[in-house]
Amino acid sequence: MRKIIIADTSCLIVLNKIGELDLLHRIYKTVTITKDILLEYGEELPGWIEVQQSKDSKRQNLLEMFIDKGEASAIALALESENSTIILDDWKARKLAVRLGLNVTGTLGVIVKAKNNGLILSIKPYLDKIRNTNFRISEELERYALKEANED
């Protein structure tokens, strides 16, 4: 069974802002998002990003009581998808997804994976580009990512 990678809006936005959206394609080949994430993203999608919706709208509505619509739609879809990983950056959404038993990574996790798979030489240039956006990374998270990429 093919692994399904579900990306939330923040990952798409950050990687697009730094000119590295294609990194998702290079790592995963195909990435899935929901209609809600497509609306939040608001940009044209490359052909390797698929749009799929959760079948259980009640589950999504329940999740929306705790997190935003895009994140709720991504988690609802991941709950219905065997062998999935969800890319979430929001701490509250990540915590909820982990409690629900989902495999979770974040945008920095994607960049570290690219490094560890030999697709990029270093994560440091990516971190520098991200720092020039409105996406905030704590020093602790940055140190952890550098350690995971063997760049500490």
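Quick caveat: nothing in here was measured; it's all calculated off a predicted structure.

Before going further, it helps to spend a moment on the side chain of Ser-73. Note that Ser-73 resides in helix 5 (residues 69–80). Separated by 2.6 Å, the side chains of Ser-73 and Thr-34 make a polar contact. Reaching out from Ser-73, the side chain makes a polar contact with the backbone oxygen of Gly-70 at a distance of 2.8 Å. Non-local contacts of Ser-73, meaning those with residues more than four positions away in its chain, are made with Thr-34, Asp-36, Ile-37, Gln-53 and Gln-60.

With that settled, consider the pattern of salt bridges. The full count for this structure, using the stated rule, is 5 salt bridges. A salt bridge links Glu-20 to Lys-129; the nearest nitrogen and oxygen atoms lie 2.8 Å apart. Within this pair, whereas Glu-20 is found in the loop between helix 1 (9–17) and helix 2 (22–28), its partner Lys-129 is found in helix 8 (residues 124–131), the two being separated by 109 residues in sequence. Salt-bridge contacts for Glu-151 lead to Lys-115; the nearest nitrogen and oxygen are separated by 3.4 Å. Placement of the pair is Glu-151 in the segment after helix 9 (139–148) and Lys-115 in helix 7 (residues 107–116), with a sequence separation of 36 residues. Judged on exposure class, the residue Glu-151 and its partner Lys-115 are both buried. Three or more residues joined by partner-sharing salt bridges are found here, namely Asp-128, Arg-131 and Glu-142.

The rules behind the values
Residues numbered from 1 in each chain as written. Predicted model: local features only at pLDDT ≥ 70, side-chain atom pairs only at ≥ 80, totals over all residues. Heavy atoms only, no water. Helix = DSSP H or I, 4+ residues; strand = E, 2+ residues; numbered from the N terminus. Polar contact = N/O pair within 3.5 Å; in protein donor to acceptor, adjacent residues only side chain to side chain. Contact = heavy atoms within 4.5 Å. Salt bridge = Lys/Arg side-chain N within 4 Å of Asp/Glu carboxyl O. Buried < 20%, exposed > 50% of the residue type's maximum accessible area, 1.4 Å probe, protein only.

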